[in-house]
Amino acid sequence: RTSEEEEEDVNVKVEVEATGADASGGGINSRWAQFRGLGSSFEASLRAATVTCTDALGHFVVRFRVAIIVAGALATIAAAAVIATSLRIAKVPPPLLRPSTGLQRIQHLLYDVFYTENWSNVKVAFGVAGVDRSTADPNDPASFGQPLWDPAFDFARADVQRAVLAACDAVSLAA
């Protein structure tokens, strides 16, 4: 059916309703029927305009499909370039877990509480002239190398013992 046939059917209904189908006297109902008749002709013209525009748009898209694809690709590349220029490397990696999880609490205890400047383990050796690091493993933090002992160092001497005792006192007073 065409829109003209639909419009004729609606106009026939409007005429029937307007000519006496109203049991209460016909005044209000006949005016309403005329108004509905105007609306249906508007709807029919709107449908016809929609079909015409859709048809024209379809022909446009088919005719310029390559240009539309190229323009879309260029717009995508331009948008990616704009976004890429605004990206920055994070100074701190984002947390992988919520701060309240057990793993995050353990990590906080290990790295923020225990490994602070408040305390640290120190190994002290007296009588060392230097260290031979040729045998040390750079990937093993416990591998320091071999000590080169000072032949002049004699722990049996009283002045050496007083110096070692003074060093120990200085460390314990600083703590």
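Residues numbered from 1 in each chain as written. Predicted model: local features only at pLDDT ≥ 70, side-chain atom pairs only at ≥ 80, totals over all residues. Heavy atoms only, no water.

Draft legend 1. Seen up close, the overall build of the protein chain. For the protein chain, the helix and strand inventory stands at 5 helices and 2 strands. The order of helices and strands in the protein chain, counted from the N terminus, is α-α-α-α-β-β-α. Counting the 175 residues in the protein chain, one finds 7% classified as buried. Per element, the accessible surface of the protein chain, about 15,200 Å² overall, is 64% carbon and sulfur. (Helix = DSSP H or I, 4+ residues; strand = E, 2+ residues; numbered from the N terminus. Buried < 20%, exposed > 50% of the residue type's maximum accessible area, 1.4 Å probe, protein only. Areas by Shrake-Rupley, 256 points an atom, 1.4 Å probe, with all protein chains shown as cover.)

Draft legend 2. Structural detail: the confidence of the model for the protein chain. Looking at the protein chain, pLDDT values average 76 and 69% of them are 70 or higher. For the protein chain, the element scoring lowest by mean pLDDT is helix α1 (residues 3-18), at 51; helix α3 (residues 65-85) scores highest, at 94. Long-range and interchain partners of residues 12-26, a stretch whose pLDDT sits below 50, account for 11 contacts in this model, where long-range means more than four residues apart. (pLDDT = per-residue confidence, 0-100. Contact = heavy atoms within 4.5 Å.)

Draft legend 3. A look at a nonpolar patch on the surface. Residues L57, F60, V61, F64 and I68 make up a contiguous nonpolar surface patch of roughly 430 Å² in combined accessible area. Examining the composition of the nonpolar patch, we find that 3 residues originate from one element, helix α2 (residues 27-63), more than from any other. Looking at the element boundaries, F60 is found in helix α2. (Patch = residues over 30% accessible without salt bridge, like charges linked within 9 Å, V, L, I, M, F, W, Y side chains within 5 Å. Salt bridge = Lys/Arg side-chain N within 4 Å of Asp/Glu carboxyl O.)

Draft legend 4. Representation of the packing of aromatic side chains within the structure. Counted under the stated rule, the structure contains 2 aromatic pairs. Aromatic side chains F60 and F64 sit 5.0 Å apart centroid to centroid with 50° between the ring planes, which places their arrangement in the tilted category. We classify F60 as partly exposed; its relative accessible area is 44%. (Phe/Tyr/Trp six-rings, centres within 6.5 Å; stacked < 30°, edge-to-face > 60°.)

Draft legend 5. Region of interest: the environment of L148. With respect to the helices and strands, L148 occurs in strand β2 (residues 146-149). C-alpha of L148 to C-alpha of V128: the two residues are 20 residues apart in sequence and 5.8 Å apart in space. In contact with L148, not counting residues within four places along its chain, are G127, V128, A129, G130, V131 and D132.

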